2 protein chains.
Amino acid sequence: MQKGKSSIEFENPPIVASYASVAGKKEGEGPLGRLIDVVEQDEMFGTETWEQAESAMQKQAADLALEKGGIRRQEIRYLFAGDLLGQLIATSFGTVDMEIPLFGLYGACSTMAEALCLGAMTVHAGYGDRVLAIASSHFATAEKQFRFPLAYGNQRPFSATWTVTGAGAVVLSKEGKEGIARITGITPGKIVDFGSRDSMNMGAAMAPAAFHTIRQNFEDMGVDETHYDKIITGDLGEVGSRILLDMMKQAGVNLEQNHMDCGMEIYQKESQDTHAGGSGCGCAAVTLCSYILPRIRSGEWKRVLFLPTGALLSTVSFNEGQSIPGIAHGVVFETCQP
Amino acid sequence: MQKGKSSIEFENPPIVASYASVAGKKEGEGPLGRLIDVVEQDEMFGTETWEQAESAMQKQAADLALEKGGIRRQEIRYLFAGDLLGQLIATSFGTVDMEIPLFGLYGACSTMAEALCLGAMTVHAGYGDRVLAIASSHFATAEKQFRFPLAYGNQRPFSATWTVTGAGAVVLSKEGKEGIARITGITPGKIVDFGSRDSMNMGAAMAPAAFHTIRQNFEDMGVDETHYDKIITGDLGEVGSRILLDMMKQAGVNLEQNHMDCGMEIYQKESQDTHAGGSGCGCAAVTLCSYILPRIRSGEWKRVLFLPTGALLSTVSFNEGQSIPGIAHGVVFETCQP
């Protein structure tokens, strides 16, 4: 129940009943490649547009999560899903065939955590026995929307991140003794605006939000950094991670040992030319559903604070000179192993 | 708790503790003008851009809802909020100063219902004593994003609706005996795609979703149209409402008597040149917070099914030849009067 100022602690923790990840060729060639369920070589995913490709990827991840868990579509009561595109078109067209009531979510790259928070709250309260949390991003749809035409071949500064082409889907369930992981608590985040205005350095815009939500989690739960085997941010990348660690250090918290960033895990920096790392809703979602959950399942990591971060901007607000506020939502996963 | 296939019935119904509406000049000149809390004559709301104006309007509605209810900002545990703009910038910049954890939502013009659904679920489950549900739209931000530059002066067909400049904010609370209204149940909707492709006729795109959610509500709750004093859609407008009534008639349900559409209430059709009616997240939100809630409060309407509808498209999906799917979420309000 309510814990501290902003967090929720679940007495009967919802469990991860199944999960799946689908990603593109580049992600398949990265360090997590062999862990991702489906690596699609065609960046169009057999469709005619990039947006349709992202929708197809969401659908594939959702279908696969159901299949892996032996769960029928009809058993899912609600969908919690989102993406980066204006008016969430990847989600709308990706989930329409599922015929399941949908809560469309936007938290920029923090969306997977937003979906997991609301999904866990829903299952824990008994509003549904099973729900599905989905998030996706696609390099080409994001570049087209937020930056330059791909054919323009613009130079990317080293602080820039590379939007992950990928989708992750997680089935949360109230039932079942043999969960893959338990969600024991959440810390939904508030918007934090430090006045960053560099859209080629999203890590710097998001790090203060990650800092705030981690500290709020510690305060609300009455714990410190030693409580978690890993504290995993979504897509701060190299620059944002450095800022987060420095901010933490100044606050007297040493995160050097157990911090990990999905954006720094998903690509091989030198050989893949991705600069500061990966980003996009798909970055945290794919890393969760390929690398993180299996380690919690096996008991290698007993307790993880999963903390996708989002940069809240559009080309409109950016071009009008607005700052780039950040947001980060925290999800506490614990192993089901004794 | 879980009721039927998709609905939730609340044993201890959350109450509306306070609410407020803010709207623009045109809305102030319409039939609901004198009921709206604040009618702002300056379409820029004292800011420099339309987007900032929409943000300012959201903030004003939220602050006023707190003020009217004698509630401090610190007493609100979570925000559930959204708007129509890409990456929800009206919401991000509108709520940042509140410093309250935010769940960003996108359900096109159904967003107020999505916020009320999740807010009621949260309060009922004990995750927060008070939450705030907010939705907004602005004529100029929406036209700029979805249609033509205003200066172009394009002709609008009679099936087109006029995006409402307005925001509504509702404080939901677990406590207090003297509620303005109770939320006794919800029916979250699924996406329904009838293949509509006319972006100047959103009513036709959304009517099938409204039809589906109303029928699902009847089935889940074991009721029929006589159960409600009013069944109120969000912004079907004249064309969409006619389609809904016809679809209902064919299904053997006569909604002619107790159907109302916010889009048809908010403007005076002939004198205000708004064609098929009003639309946008702000349409249902402002009508709820100026016209509907007071009538439930007084007991004039004992039970209302409030059903904002959304058309799920972007200019990208539309220009790529995709259809316009619809979604509608249902919220059951009941009076607190004996």
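In what follows, the accompanying structure is described. (Residues numbered from 1 in each chain as written. Chains lettered and ligands numbered in written order. Predicted model: local features only at pLDDT ≥ 70, side-chain atom pairs only at ≥ 80, totals over all residues. Heavy atoms only, no water.)

### Remarks on the overall build of chain A
Broken down by element type, chain A carries 11 helices and 17 strands. Looking at chain A as a whole, 67% of its 338 residues are labelled buried. In chain A, 78% of the contacts between residues at least 6 apart in sequence involve partners at least 24 apart. About 11,300 Å² of surface is accessible on chain A, with carbon and sulfur atoms providing 46% of the total. If the 28 positive side-chain charges of chain A are averaged to one point and the 40 negative ones to another, these points end up 5 Å apart. (Helix = DSSP H or I, 4+ residues; strand = E, 2+ residues; numbered from the N terminus. Buried < 20%, exposed > 50% of the residue type's maximum accessible area, 1.4 Å probe, protein only. Contact = heavy atoms within 4.5 Å. Areas by Shrake-Rupley, 256 points an atom, 1.4 Å probe, with all protein chains shown as cover. Lys, Arg positive; Asp, Glu negative; His and termini not counted. Charge placed at Lys NZ, Arg CZ, Asp CG, Glu CD.)

### A look at the interface of chain A and chain B
Across the contact, 64 residues belong to chain A and 64 residues belong to chain B. Buried area between chain A and chain B, both sides added, is near 5,100 Å², and the carbon and sulfur share of it is 59%. Of all residues in chain A, the largest losses of buried area upon contact with chain B belong to Gln87, Phe93 and Tyr127 of chain A, amounting jointly to 16% of the total for that side. Linking chain A to chain B there are 4 salt bridges. (Buried area = accessible area lost by both parts, 1.4 Å probe. Salt bridge = Lys/Arg side-chain N within 4 Å of Asp/Glu carboxyl O.)

### A look at the pattern of salt bridges
Summed over the entire model, instances satisfying the criterion amount to 34 salt bridges over all chains. Between Glu238 of chain A and Lys269 of chain A there is a salt bridge, with its nearest N and O atoms 3.1 Å apart. Of this pair, Glu238 of chain A sits in helix α7 (residues 237-250) while Lys269 of chain A is found in helix α9 (residues 269-272), placing the two residues 31 residues apart along the sequence. Taking the relative accessible area as the measure of exposure, Glu238 of chain A reaches 36% and is therefore partly exposed. Here Arg303 of chain B and Glu334 of chain B are joined by a salt bridge, their closest N and O atoms 3.4 Å apart. Here Glu334 of chain B lies in strand β17 (residues 330-334) and Arg303 of chain B lies in strand β14 (residues 303-307), a separation of 31 residues in the sequence. When its relative accessible area of 25% is taken as the criterion, Arg303 of chain B is described as partly exposed.

### Description of the relation of the copies chain A and chain B
Superposing chain A onto chain B takes a rotation of 180° combined with a translation of 0.0 Å along the rotation axis, leaving an RMSD of 0.0 Å. What we have between these two chains is a two-fold relation. Of all interface residues in chain A, 100% are interface residues in chain B too; the two copies therefore contact each other through one and the same surface. (Least-squares fit on C-alpha atoms with pLDDT ≥ 70 in both.)

### Topic: the pairing of β17 of chain B
Residue and element names in this part refer to chain B. Counting buried positions along β17 yields 5 of 5 residues, so the element is predominantly enclosed. Burial of β17 is two-sided: the residues Gly330, Val332 and Glu334 facing one way and the residues Val331 and Phe333 facing the other way are all buried. Here 5 bridges tie strand β10 (residues 181-187) to β17, and the two strands are oriented antiparallel to one another. Along β17, the bridge assignment pairs Arg182 with Glu334. Sheet analysis places β14 next to β17, joined by 4 bridges and oriented antiparallel. Residue pairing across strands places Leu305 opposite Val332, the latter belonging to β17. (Pairing = 2+ DSSP bridges.)

### Considering the environment of Ile186 of chain A
Residue and element names in this part refer to chain A. Relative to the helices and strands, Ile186 is located in strand β10 (residues 181-187). Judged by its relative accessible area of 0%, Ile186 falls in the buried class. Between the C-alpha atom of Ile186 and that of Trp50, which follows or precedes it by 136 residues, the distance is 33 Å. In contact with Ile186, not counting residues within four places along its chain, are Ser7, Ile8, Phe10, Cys117, Met121, Met221, Gly330 and Val331.

### So, the packing of helix α2 (residues 50-69) of chain B against helix α5 (residues 139-146) of chain B
All names here are of chain B. Between α2 and α5, the least distance of the axes is 8 Å, while the angle of their chain directions is 135°. Here α2 is positioned oblique relative to α5, judged by the angle of their axes. In the packing of α2 onto α5, the handedness of the crossing is left-handed. Across from Trp50, Glu51 and Glu54 in α2, the residues of α5 making contact are Ala140, Thr141 and Lys144. In terms of residue class, the contact of α2 with α5 is made up of 2 nonpolar, 1 polar and 3 charged. (Axes fitted to C-alpha atoms, helices over the stretch in contact; angles between N-to-C directions. Parallel < 35°, antiparallel > 145°, perpendicular 65-115°, else oblique. Left-handed = near helix turned anticlockwise from the far one by under 90°. Nonpolar A, V, L, I, M, F, W, Y, C, P; charged D, E, K, R; others polar.)

### Structural notes on helix α10 (residues 281-298) of chain A
All names here are of chain A. In a regular helix each residue adds 1.5 Å, so 18 residues correspond to 26 Å; α10 covers 25 Å between its end C-alpha atoms and thus fits that length. Approximately 50° is the largest bend angle found in α10, and it occurs at Leu288. Of all 18 residues in α10, 14 are buried, a share of seventy percent or more. Phi turns positive one or two residues past the end of α10, at Gly299, with a value near 90°. (Expected span 1.5 Å × (residues − 1). Bend = angle between axes of the 7 residues up to and from the residue.)

### Thoughts on the nonpolar core
If you look at soluble globular proteins, the nonpolar side chains tend to sit buried side by side. If you look at the biggest cluster of nonpolar residues, it comprises 176 residues, and the most contacted ones within it are Leu116, Ile292 and Phe333 of chain A together with Ile292 and Phe333 of chain B. In contact with Ile292 of chain B, not counting residues within four places along its chain, are Ile232, Met260, Cys262, Thr287, Trp301, Val304 and Phe306 of chain B. (Core = buried A, V, L, I, M, F, W, Y, C linked by side-chain atoms within 4.5 Å.)

### Some remarks on helix α7 (residues 237-250) of chain B
All names here are of chain B. Between its terminal C-alpha atoms α7 stretches 20 Å, which fits the 20 Å expected from 14 residues at 1.5 Å a residue. Along α7, the positions that sit buried rather than exposed are Gly237, Gly240, Ser241, Leu244, Leu245, Met247 and Met248. Take α7 and look down its axis: the buried residues cluster within an arc of 160°, on one side only. Opposite its buried face, α7 presents the exposed residues Lys249 and Gln250, each directed more than 90 degrees away. Tucked inside the fold, the buried residues of α7 contact α6 (202-221), β11 (230-233), β12 (259-261) and α8 (262-265). Directly after α7, the chain includes Gly252, whose backbone phi takes a positive value near 85°. (Arc of directions from axis to C-beta.)

### Thoughts on the environment of Val39 of chain B
Residues and elements named next belong to chain B. Residue position: Val39 is located in strand β4 (residues 38-39). Accessibility expressed as a relative area gives 27% for Val39, which makes it partly exposed. The spatial distance from the C-alpha of Val39 to the C-alpha of Glu27 is 7.7 Å, given a sequence separation of 12 residues. Setting aside residues up to four positions removed in sequence, Val39 forms contacts with Ala23, Gly24, Lys25, Gly28 and Gly33.

### What to know about unusual backbone geometry
The backbone of His275 of chain A shows a phi angle near 60°, a positive value even though the residue is not glycine. Following the sequence through the fold, His275 of chain A ends up in the loop between α9 and β13 (278-279). A relative accessible area of 12% means that His275 of chain A is categorised as buried. Positioned with a positive phi, Phe45 of chain B is a non-glycine residue whose angle comes to about 50°. One can find Phe45 of chain B in the loop between β4 and α2. Judged by its relative accessible area of 10%, Phe45 of chain B is buried.

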